[in-house]
Amino acid sequence: MNDQKAVIVTGAGGNLGSAVVRELAGAGVKLVCMNRSSQELETLAGELPASAEFLSIAGTDLTDYASCAVAVARAVKRFGGVGALVNTVGGFQMGPVGPEAPAQWDTMMTANARTALTISAAVLPTMKAAGYGRIVHVAAMPGLKAGPNQAAYAASKAAVIRLTEALAAECRDDRITANCILPGTIDTPENRAAMPNAKMDAWVSPQSIARLIAFLISPAAAVVTGAAIPATGRE
């Protein structure tokens, strides 16, 4: 990571986003925490080391370029630039290909693919000007192969993978990398409540994914770009 630049984390108040923030804050990274809810950001801020340098931005419309550009401008004004984007926002819905499928398709494409596209487009100008950048999106294994009742969700995550590949190809000469993570089931309170009979010891912790992301936005990962990286192993 370029030490003079900040890392934007979207969905910073969520299970994965907050794990990423805590991992990076512990390493002294300057953070821009974006989240829909300001209350979640306030709670997160209270959990970080007193020495942590962070900017909280609540309420940005990640489907709107102008709204994202304003948030990036605030980050640049505070920290001088943006060295990395970690995009953890997204949605999940399941359903068969039937009468409700078109509406679900639009919802998933907006929540997963459009948000990833828009925030990426907003951070690229400052990264290109600096000749350095790291972009990491969170996709999902169904983006490679869909199961039943996953048409809209899987297609939206496949779009994130293809977006990542396009970003990597377009930005290679600017020394900007773009990668995405394909987690297995993430061990969160919500998933435990939704699947009480599942084999939870095979699930992946948010902390382990956060460590992978921390590597991908580091200088050591400069040669990794355009990858869709499964995160389904055992810790």
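My aim in this report is to walk through the structure given alongside it, one point at a time. What you see is a predicted model; the values in this text were computed from it and never measured. (Residues numbered from 1 in each chain as written. Predicted model: local features only at pLDDT ≥ 70, side-chain atom pairs only at ≥ 80, totals over all residues. Heavy atoms only, no water.)

Description of the overall build of the protein chain
And then number 1: Secondary structure assignment for the protein chain yields 7 helices and 7 strands.
And then number 2: Listing every helix and strand of the protein chain by position from the N terminus yields β-α-β-α-β-α-β-α-β-α-β-α-α-β.
And then number 3: Taken over C-alpha atoms, the radius of gyration comes to 17 Å for the protein chain, in line with the 18 Å a tight globule of 235 residues would show.
And then number 4: When the backbone C-alpha atoms are referred to their principal axes, the protein chain occupies close to 50 × 35 × 35 Å.
And then number 5: Residue burial in the protein chain is summarised as follows: out of 235 residues, 49% are buried.
And then number 6: Here the contacts in the protein chain between residues at least 6 apart in sequence split such that 68% fall between residues at least 24 apart.
And then number 7: Put simply, the protein chain shows about 11,000 Å² of open surface, and 54% of that area lies on carbon and sulfur atoms. (Helix = DSSP H or I, 4+ residues; strand = E, 2+ residues; numbered from the N terminus. Rg over C-alpha atoms; globule rule 2.2 N^0.38 Å. Buried < 20%, exposed > 50% of the residue type's maximum accessible area, 1.4 Å probe, protein only. Contact = heavy atoms within 4.5 Å. Areas by Shrake-Rupley, 256 points an atom, 1.4 Å probe, with all protein chains shown as cover.)

Thoughts on the pattern of salt bridges
And then number 1: In the structure shown here, the tally under the stated rule is 3 salt bridges.
And then number 2: For the salt bridge of R162 with E165, the shortest nitrogen-to-oxygen distance reads 2.7 Å. Remark: E165 and R162 occur in helix α5 (residues 151–171); sequence separation between them is 3 residues, near one turn of the helix.
And then number 3: Given a relative accessible area of 44%, R162 falls into the partly exposed group. (Salt bridge = Lys/Arg side-chain N within 4 Å of Asp/Glu carboxyl O.)

Notes on the nonpolar core
And then number 1: In terms of nonpolar packing, the biggest core is built from 33 residues, with I8, V32, M34, L85, V123, M127 and I135 touching the most fellow members.
And then number 2: Mapped by element, the contributors of at least two residues to this core are β1 (6–10), β2 (31–35), β3 (54–58), α3 (65–79), β4 (82–87), α4 (101–130), α5 and β6 (176–183).
And then number 3: Sequence-distant contacts of L85, defined by excluding residues within four places in its chain, comprise I8, T10, I119, S120, V123, M127, R134, I135, V136 and H137.
And then number 4: Judged by nonpolar contacts, the second largest core, of 30 residues, contains V20, C33, A84 and A210. (Core = buried A, V, L, I, M, F, W, Y, C linked by side-chain atoms within 4.5 Å.)

Some remarks on the pairing of strand β7 (residues 228–231)
Remark: a regular strand shows side chains that alternate across the two faces of the sheet.
And then number 1: Of the two faces of β7, only the one carrying I229 and A231 is buried; A228 and P230 on the other face are not.
And then number 2: Across 4 bridges, β6 lies against β7 in parallel orientation. The partner of I181 across the bridge, within β7, is I229. (Pairing = 2+ DSSP bridges.)

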